[in-house]
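# Structural description and commentary
Chain by chain, the residues run as shown.
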Amino acid sequence: MVGLTLTALVTVSVSGALATSTRIWARSDAGATGAEEARSTRQLESWISGSLPNNIYDLDDRTLFSGTPLSVEFVSENVPGPHGVGIAAIVLTVVPSERCPGAFDLTLRWTGLDPADRLSFGPSDSRILQSCHSHIGFSYFGRTQIEGAQGWSTDWTSSELPTLVRMDSEETGAGLMARLIYAPRPGTPYEDDGE
């Protein structure tokens, strides 16, 4: 009887300790995931803020920025390169998650560009930045036509850069809000419109 009682007490103690350890590990893992997503969101804000306008390298109107509700493509000069500063073509895409059915992942495709050779393509990399979100979407603030009023839209096809890019996600709360430092640029039709 004494042996059974001691065995029961040890089993209860060990199972309680395991349950507590599991809860602590789950909380720290969730905190680490949240911190990593916050860090990646700040990095994305920096990259998007450095988006280059279509005509900065005189590339015959080659489109350097375009956006849809589920993707944004841009060329940024805020990307670290071999000498601390680099230029890269970046594509952010929302795709169905393979790990979490019914959820979405935010993927990044990064391609280095050579400014000395008309932004020719160099090394490339792709990865999942954020995973298992119930909703991720992009929207753009600015003027899609010279005569038009500024406002939010879910697609951006203008030859000018948007003023703001927003990424909404239910899991990240405020999400991402990037102000493009090249928009509006001196010499554009919007320069003296008082906005």
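See the structure shown above.
Along each chain, numbering runs from 1 in the same order as the chain's sequence is written. In keeping with the model being predicted, local features are shown solely for residues with a pLDDT of at least 70 and side-chain atom pairs are shown and tallied solely at 80 or more, while totals for entire chains, interfaces and linings include all residues. No hydrogens and no water enter the side-chain calculation; it runs on all heavy atoms of the structure.

## A look at the overall build of the protein
Rules: Only DSSP runs of H or I with at least four residues qualify as helices, and only runs of E with at least two residues qualify as strands; both kinds are numbered from the N terminus onward. Residue contacts are defined here by distance: any two heavy atoms, one from each residue, within 4.5 Å place the two residues in contact. Only the protein chains shown count as cover for residues, and the accessible areas themselves come from Shrake-Rupley with a 1.4 Å probe.
Along its length, the protein carries 1 helix and 9 strands. Secondary structure of the protein in N-to-C order comes out as α-β-β-β-β-β-β-β-β-β. Looking at the protein alone, contacts between residues at least 24 apart form 51% of all its contacts between residues at least 6 apart. For the protein, the accessible surface area stands at approximately 11500 Å², while carbon and sulfur atoms represent 57% of it.

## A closer look at the side chain of S97
This is how it is decided: A simple rule labels every residue: compare its accessible area, found with a 1.4 Å probe on the protein chains alone, to the largest value its type can have, and call it buried under 20%, exposed over 50%, or partly exposed in between. Polar contacts here mean pairs of N or O atoms no more than 3.5 Å apart (in protein, one a potential hydrogen donor and the other a potential acceptor; neighbouring residues in sequence count only if both atoms are side-chain atoms).
With respect to the helices, strands and loops of the structure, S97 is situated in the loop between β3 (86-96) and β4 (104-114). For S97, a relative accessible area of 9% puts it in the buried group. From its side chain, S97 meets the backbone nitrogen of R99 in a polar contact 3.3 Å long. Within polar-contact distance, the side chain of S97 engages the side chain of D105 at 3.2 Å. Setting aside chain neighbours within four positions, we find S97 in contact with A103, F104, D105 and C132.

## What about the state of the cysteines?
Cut-off, in case you're wondering: For this text, the term disulfide refers to a pair of cysteine sulfurs within 2.5 Å.
Applying the stated rule across the entire model yields 1 disulfide. The disulfide partner of C100 is C132, and the S-S distance across this bridge is 1.8 Å. Classification of the bridge connecting C100 and C132 rests on its S-S torsion, roughly 70°, and on that basis the disulfide is right-handed. Here C132 lies in strand β5 (residues 120-133) and C100 lies in the loop between β3 and β4, a separation of 32 residues in the sequence.

## Focus on the nonpolar core
Condition: The criterion is simple. A nonpolar core is a set of buried Ala, Val, Leu, Ile, Met, Phe, Trp, Tyr and Cys residues joined through side-chain atoms within 4.5 Å.
Core analysis: the biggest nonpolar cluster contains 23 residues, and I48, F65, F74, I90, L92, L106 and F138 have the highest contact counts within it. Secondary structure elements with two or more residues in this core: α1 (2-49), β2 (71-79), β3, β4, β6 (136-142), β8 (164-169) and β9 (176-179). In terms of residue count, β3 provides more of this core than any other element does, 4 residues in total. Once you skip the residues sitting within four places of it in the chain, I90 turns out to touch W47, V72, E73, F74, S76, V79, L108, R109 and W110. Core analysis: the next-biggest nonpolar cluster, separate from the first, contains 7 residues, L52, I87, A89 and L119 among them.

## Things to note about the pairing of β3
To be explicit about the condition: Strands are treated as partners if at least two bridges between them are detected by DSSP.
The buried fraction of β3 is high, at 8 of 11 residues. Pairing of β3 with β4 involves 9 bridges; the strand directions are antiparallel. Residue pairing in the sheet places L92 in a bridge with L108 of β4.

## Some points on a nonpolar patch on the surface
Threshold: The patches reported here contain residues having more than 30% relative accessible area and no salt bridge. Joining distances are 9 Å for like charges and 5 Å for nonpolar side chains (Val, Leu, Ile, Met, Phe, Trp, Tyr). Note on definitions: salt bridges are taken to be side-chain nitrogens of Lys or Arg within 4 Å of carboxyl oxygens of Asp or Glu.
A cluster of nonpolar residues, V2, L6 and L9, forms a patch on the protein surface that exposes about 320 Å² of accessible area. Structurally, L9 is set in helix α1.

## A closer look at the pattern of salt bridges
In total, this model carries 2 salt bridges according to the counting rule given. The closest approach of N and O atoms between R127 and D125, which form a salt bridge, is 2.3 Å. Overall, the relative accessible area of 32% leaves D125 in the partly exposed class. For D168, the salt bridge is made with R166, and the minimal N-O distance between the two is 3.2 Å.

## Some words on the pairing of β8
In terms of strand pairing, β6 meets β8 through 6 bridges, oriented antiparallel. Within β8, the residue paired with I136 across the bridge is S169. For β8 and β9, the ladder comprises 4 bridges, and the chain directions are antiparallel. Looking at β9, one finds that R166 is bridged to M177.

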